Amino acid sequence: MEERFSPPPHASGRHGGSVGGGDHEANPDLTLVPKPGNPEHVFASDTYVVQIPKDQIYRVPPPENALIVERHRKPAGAKKRSWCCSSCCCCLFVTVIVIFLALGVLAVVSSFFLKLKNPNFHVDHFLVKNLTKSHDKNTKLAYDVKLKVENPNPYTSFIYEQGGVISLSFKQKAVATGKFTPFDQDRKSSKAIDIVLNGSNTALPKEMQKSLTSDQKTKNHVTFALRVDVPARRKIWKLNGSISRYVASCQFTVDTLGKDARVLSQSCETEREDL
């Protein structure tokens, strides 16, 4: 059984009365237990043991613990956001790499397995117009050319872009130039396009002057060189490929530069240059 007692007056004065005085009177549950041994030695040493019931013990963390937790929590959130951004960038980078690899594989497959062929160009019709209405050496001519473009590929279509140029030469001398008309061409198809080539107001070569003034009976054959330089994009199924430059060279001969001119023979070749 615990012994209840009050501390001596001098103990209350030395310790400010916090243990043996007001606190004990305010809370009667506080029990003062003398230290084992002789009570007289206890009072002499002024040492007291305070026992508090367990139901009155409260453990409250100090306020500085909350600040420490907050400081550790914020860097963790920032690190998580940084990790999310890094993972998104990595995913985007991997996706771009995969797309480029797929395009490369598709181009290789189309070149080797699908046997991609260049488009073919042919002069289907050729007509000369005399713009000066005279037959002197400085006659200015215009040339109406109907060009037939053929796509021999069964799985690849072409998209002819802006910027195509056509030039007409006679004995390696340019006599007229014009622009290629852009259009889309489906696979395994052909299309005829009309092109106007404008000649310069310069002296015509003798052979062209002679053929221009010849009659229906005495026709003078003239051989021209036609060069087509046009950028085009290949399209395999629904996927657009890279842009290439197609250069076609045609050597063709007409029976006359007068009315009802006919193309007698021609030879055309097409080369591709990857941009």
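What you see as residue numbers is a count from 1 along each chain, following the sequence as written. Note on the predicted model: pLDDT of at least 70 is required for a residue's local features to be given, and 80 or more for side-chain atom pairs to be given and counted; whole-chain, interface and lining totals, by contrast, use all residues. The side-chain quantities take in all heavy atoms of the structure and omit both hydrogens and water.

In the annotation of an unreviewed UniProt entry, the protein chain is listed under the name NDR1/HIN1-like protein 13 and assigned to Rhodamnia argentea. UniProt positions are given in the numbering used here, feature names are shortened, and annotations may be inferred rather than shown by experiment. For the protein chain, the Subcellular location (unreviewed entry) comment in UniProt is given as "Membrane".

Engineer: Any chance you could break down the pairing of strand β11 (residues 239-254) for me, citing the residues and the numbers?
Structural biologist: Residues in a regular strand project their side chains so that they alternate between the two faces of the sheet. Two strands are counted as paired when DSSP detects at least two bridges linking them. Strands here are runs of E lasting at least two residues and helices are runs of H or I lasting at least four, both read from the DSSP assignment and numbered beginning at the N terminus. As paired elements, strand β10 (residues 222-236) and β11 share 14 bridges and run antiparallel to each other. Bridged to R233 within β11 is I243. The antiparallel pairing of β10 with β11 creates a hairpin that spans two residues between the two strands, and W237 there sits at a positive phi of about 55 degrees. Pairing of β11 with strand β12 (residues 263-274), which is carried by eleven bridges, proceeds in the antiparallel orientation. Residue pairing across strands places R245 opposite E273, the latter belonging to β12.

Engineer: Give a detailed account of the environment of Y143, specifying residues and quantitative values.
Structural biologist: By secondary structure assignment, the location of Y143 is in strand β4 (residues 141-151). Spatially, the C-alpha atom of Y143 lies 9.2 Å from that of T177, the residues being 34 residues apart in sequence. Contacts were defined at the residue level, with two residues in contact if any of their heavy atoms lie within 4.5 Å. Contacts of Y143, omitting those with residues within four sequence positions, involve F126, L127, V128, L168, V175, A176, I195, V196, L197, G199 and M208.

Engineer: Break down the pairing of strand β7 (residues 173-179) for me, with residues and values.
Structural biologist: In the sheet, strand β6 (residues 165-170) pairs with β7 via six bridges, with the strands oriented antiparallel. When the sheet's bridge partners are listed, V165 is paired in β7 with K179. Between the end of β6 and the start of β7, which pair antiparallel, lie two residues, with K171 showing a positive phi angle near 55 degrees. Taken together, the two bridges between β7 and strand β9 (residues 189-199) define a ladder with antiparallel strand orientation. Pairing of A176 across the sheet is with G199, part of β9.

Engineer: Can you break down the nonpolar core residue by residue, with the values?
Structural biologist: For soluble globular proteins, nonpolar side chains are generally found buried alongside one another. We define the nonpolar core as a collection of buried residues of types Ala, Val, Leu, Ile, Met, Phe, Trp, Tyr and Cys that are connected through side-chain atoms lying within 4.5 Å of one another. Throughout, exposure labels follow a simple rule: accessible area from a 1.4 Å probe, protein chains only, divided by the maximum for the residue type, with under 20% read as buried, over 50% as exposed, and the rest as partly exposed. Grouped together as the largest cluster of nonpolar side chains are 36 residues, with contacts concentrated most on F126, Y143, L147, L168, F180, M208 and F224. Per-element accounting of this core gives the leading share, six residues, to β10.

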